[in-house]
Amino acid sequence: ACTGIENIDEAITLLEQNNWDLVAAINGVIPQENGILQSEYGGETLHGPAYGSTSHSTAASSTPSSSSAFRHVVPSRQIVERQPRMLDFRVEYRDRNVDVVLEDSSTVGDIKHILENELQIPASKMLLKGWKTGDVDDSTVLKSLHLPKNNSLYVLTPDLPPSSSSHSGALQESLNQNFMLIVTHREVQREYNLNFSGSSTIQEVKRNVYDLTSIPVRHQLWEGWPPSATDDSMTLAAAGLSFPCHRLTVGRRSSPVQTREQSEEQCTDVHMVSDSDGDDFEDATEFGVDDGEMFGVASSALRKSPMMPENAANEGDALLQFTAEFSSRYGDCHPVYFIGSLEAAFQEAFYGKARDRKLLAIYLHHDESVLTNVFCSQMLCAESIVSYLSQNFITWAWDMTKEANRARFLTMCTRHFGSVVAQTIRTQKTDQFPLFLIIMGKRSSNEVLNVIQGNTTVDELMMRLMAAMEIFSAQQQEDIKDEDEREARENVKREQDEAYRISLEADRAKREAQEREMAEQFRLEQIRKEQEEEREAIRLSLEQSLPPEPKEESTESVSKLRIRTPKGEFFERRFLASSKLQVVFDFVASKGYPWEEYKLLGTFPKRDVSK
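Model, not experiment: these values are computed from the prediction. (Residues numbered from 1 in each chain as written. Predicted model: local features only at pLDDT ≥ 70, side-chain atom pairs only at ≥ 80, totals over all residues. Heavy atoms only, no water.)

Trainee: How should the sheet that holds strand 8 (residues 178-185) be read in this particular structure?
Mentor: The strand order across the open sheet built from 4 strands is 9-8-11-10, with neighbouring strands paired in mixed fashion. At either margin of the open sheet sits one strand with a lone partner, and together these are strand 9 (190-197) and strand 10 (220-223). Taking each pair of neighbouring strands and ignoring which way they run, the sheet shows an average axis angle of 30 degrees. Note: strand 8 against strand 11 (residues 245-252), 6 bridges, orientation parallel. Counted as the bridge partner of Leu181 is His246 from strand 11. Against the sheet, helix 6 (residues 202-213) makes contact with strand 8, strand 9, strand 10 and strand 11, and its axis sits at roughly 145 degrees relative to strand 9, the strand it touches most. (Pairing = 2+ DSSP bridges. Helix = DSSP H or I, 4+ residues; strand = E, 2+ residues; numbered from the N terminus. Axes fitted to C-alpha atoms, helices over the stretch in contact; angles between N-to-C directions. Contact = heavy atoms within 4.5 Å.)

Trainee: Would you mind showing me how to read helix 15 (residues 419-426) here?
Mentor: A turn of α-helix holds 3.6 residues, and therefore any two residues three or four places apart point the same way. Listed in full, the buried residues belonging to helix 15 are Val421, Ala422 and Ile425. Across the axial projection of helix 15, the buried residues extend over an arc of 100 degrees, all falling on one side. Those residues of helix 15 that are exposed and aimed more than 90 degrees away from the buried face are Ser419 and Val420. Those residues of helix 15 that are buried lie in contact with strand 12 (359-365), helix 14 (403-417), strand 14 (435-442) and strand 15 (445-452). (Buried < 20%, exposed > 50% of the residue type's maximum accessible area, 1.4 Å probe, protein only. Arc of directions from axis to C-beta.)

Trainee: Mind showing me how you'd approach the sheet that holds strand 13 (residues 393-399) here?
Mentor: Hydrogen bonding along the main chain pairs the strands of a sheet, whether they run parallel or antiparallel. Strand order in the open sheet made by the 4 strands is 13-12-14-15, with mixed pairing throughout. In this open sheet, the two strands that pair with only one neighbour each are strand 13 and strand 15. Averaged over all pairs of adjacent strands, the angle between strand axes in this sheet comes to 25 degrees, irrespective of strand direction. Of the strand pairs in this sheet, strand 12 and strand 14 are connected by 5 bridges, and their pairing is antiparallel. Looking at strand 14, one finds that Leu364 is bridged to Leu435.

Trainee: Honestly, the pattern of salt bridges in this entry has me stumped. Any pointers?
Mentor: Any two side chains of opposite charge can pair, so long as their charged atoms come close to each other. What the rule picks out here adds up to 25 salt bridges. Ionic pairing is found between Glu498 and Arg501, a salt bridge with its closest N-O pair at 2.2 Å. Remark: Arg501 and Glu498 occur in helix 16 (residues 458-545); sequence separation between them is 3 residues, near one turn of the helix. In this structure Glu498 comes out as partly exposed when scored by relative accessible area, which is 35%. A single network of salt bridges, built from pairs that share partners, joins Glu325, Arg329 and Asp367. (Salt bridge = Lys/Arg side-chain N within 4 Å of Asp/Glu carboxyl O.)

Trainee: Mind showing me how you'd approach a nonpolar patch on the surface here?
Mentor: Together, Ile8, Ile12 and Trp20 make up a nonpolar patch on the protein surface, roughly 340 Å² of accessible area in all. On the secondary structure map, Ile8 appears in helix 1 (residues 8-17). Given the relative accessible area of 60%, Ile8 is considered exposed. (Patch = residues over 30% accessible without salt bridge, like charges linked within 9 Å, V, L, I, M, F, W, Y side chains within 5 Å. Areas by Shrake-Rupley, 256 points an atom, 1.4 Å probe, with all protein chains shown as cover.)

Trainee: What is the right way to read the packing of aromatic side chains from this model?
Mentor: For any pair of aromatic rings, the description rests on two quantities: the centre-to-centre distance and the angle between the ring planes. This structure, assessed with the given rule, holds 19 aromatic pairs. Taking 5.4 Å as the distance between ring centres and 75 degrees as the angle between the ring planes, the aromatic pair formed by Phe326 and Tyr337 counts as edge-to-face. Here Phe326 is found in helix 10 (residues 315-330), whereas its partner Tyr337 is found in the loop between helix 10 and helix 11 (342-350), with 11 residues between them in sequence. The class of Phe326 is buried, set by a relative accessible area of 0%. Ring-pair connections join several aromatic residues into one group, and the members of that group are Phe322, Phe326, Tyr330, Tyr337, Tyr363, Phe375 and Phe436. A cation over an aromatic ring shows up here: Arg562 above the ring of Phe570, its NZ or CZ 4.2 Å from the ring centre. (Phe/Tyr/Trp six-rings, centres within 6.5 Å; stacked < 30°, edge-to-face > 60°. Lys NZ or Arg CZ within 6 Å of the ring centre and 35° of its normal.)

See below:
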């Protein structure tokens, strides 16, 4: 009310610079030579203006109980001189950035003189752009522009050709740069700020302008293209456009058979489309994007295909359509959305090893929100955001446009996060969408770290993502430590179990070996016994089959044989001279020395009688 500053971000910046002292912040913005302001709370008298009209002063004096913090004071009171306010400017020119610090009492021409020394460019050749209040001249005092402390400007030099020695390198660099085309629609006197990469062609620009103005490419009449832009297939980088901004004007080419009424009707239609679009996106300036920037994605925003089918039987199929439609609207540079159910996304993000876990980012889309197209095209599809999400997050998406899909997500939200989070999302208004939920798996529960609304900037979105990552990283380190300790305990237990198993197997093997040995010994003993029994049977049989030993007084010739065994024992027996040698063998075998195993040797002469 005092300063006329309507930009909330600028007002907050001023308050922070003055340590949230409202009086000091206002006196730092309003010119001081017209009067003074006094705080009723502290009694401090400060140099400031006598603001308001006579009617306001009368009203204030008629209501002495008013709670206003400021009132008119007599100029004869003591005046405290204000220190000069310093302003910081970052000025971009081609591939250079120049930092300039000046008092707010300086002029725009002073900035140009400093840049003339730094850039070696005549001040008369410079166009200093980027002022939020529009174009200014060299005599404009900076204080009158009510600028914040930090400002960004850029220099255009349309009268200076680029250096020929670095033309090829500059062309290659320009292909990777983004050009802002400020296109004025002549019939309705409306400007559109369109962002294009240097690799885009003039034909693509004309097609996008057709989406905005409904003027077919063949009927478009252009002004402002450089003389070198002779072919619609030429890229913007090669067309010789001014960087980073270039102004163009487009109108409808008049037709010989077109009547005046038809022309007025077409202009009226175009004007109606532009006005409605401007109303839809008038709030975009709250976060640094004007109406024209919104139309950089107008061709996509006008598509009517739903992001997600209503009452889809399978969440994975619904997300496949969501991803395809998102790509068709905003391009292929976007977060990689997880295809599957929310439970599967939890499983992927939270239930792996601690080192592999990630945060879960849930993007809630709403086609009827005025913020959706800006958030998707300018923030969610920014390369820095896409890269950061892909490295640290599992990103899952859902479309809240249809009531059935909205109710379905709220049911899932209640089941997984509880009724408080579900109620928070339920109470969000359409214009507060899209929402970005940051979820962290915390042991047995899922915790919502942050709910980011659509009215944010790329830097703020990145800061909030990084803040969530800091919290997650601290928790992850604890989880990794717990997991390592648990794995160490399990490894010790596994090693003990393995040693116990090996010991059991060794004992079992030893026991089995002993059992086998005992069985073998028993078997051999059995065989030995059987062999002994067999031998004994043979011996008894041979002993019984021997002829009776002849007596000494026998009339027949008798031979008396004395046989010495390997053990040193002696056997003596008489045999008839007429008996065969086999009878001697059978006698020796009956004593336990079978002739198959032993030889019968004669002593004199020494010979083998067994042969």
